[in-house]
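In case you want the letters, here they are:
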Amino acid sequence: MADYLKKGFLLGLGAAIASKEKLQSKLDELVSKNEISQEQAKQMMNDFIEKGEQKTEEWSVKQDEQKRKAAEELGLATKEDIATLNARITELELKLENQE
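About the thresholds
Residues numbered from 1 in each chain as written. Predicted model: local features only at pLDDT ≥ 70, side-chain atom pairs only at ≥ 80, totals over all residues. Heavy atoms only, no water. Core = buried A, V, L, I, M, F, W, Y, C linked by side-chain atoms within 4.5 Å. Buried < 20%, exposed > 50% of the residue type's maximum accessible area, 1.4 Å probe, protein only. Helix = DSSP H or I, 4+ residues; strand = E, 2+ residues; numbered from the N terminus. Contact = heavy atoms within 4.5 Å.

K.L.:
Would you mind showing me how to read the nonpolar core here?
P.N.:
Core analysis: the biggest nonpolar cluster contains 6 residues, these being Leu-27, Leu-30, Val-31, Ile-36, Ala-41 and Met-45. Secondary-structure elements contributing two or more residues to this core are helix H1 (2–32) and helix H2 (38–74). The element that contributes the greatest number of residues to this core is H1, accounting for 3 residues. With near-sequence residues (within four places) excluded, Val-31 lies in contact with Ile-36, Ser-37, Gln-38 and Ala-41.

Structural data, given as structure tokens:
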């Protein structure tokens, strides 16, 4: 499953790079024809990059959620579970020491 996610991410990344290059080319063409200003072209490119970063963050959150669900379904302990157990063990050890 992780391999499919990785391949999907790489496919999306490749598409984004190709899209960015095509957009940059189109924006350069529009600027050269004086259909948009250089500032407008920069703003459009910045908007494109910002949306890409937002999508990357969304994808990362979804991937983390899928990992968490898979671990839960497999019955694997999370870092939080282990930390909770360590805290309980420490507490019990202190109680035992105090009883002795």
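K.L.:
Honestly, unusual backbone geometry in this entry has me stumped. Any pointers?
P.N.:
Excluding glycine, residues mostly carry a negative phi; peptide bonds, for their part, are mostly trans. Although it is not a glycine, Asn-34 adopts a positive phi angle of roughly 60 degrees. Among the structural elements, Asn-34 can be located in the loop between H1 and H2.

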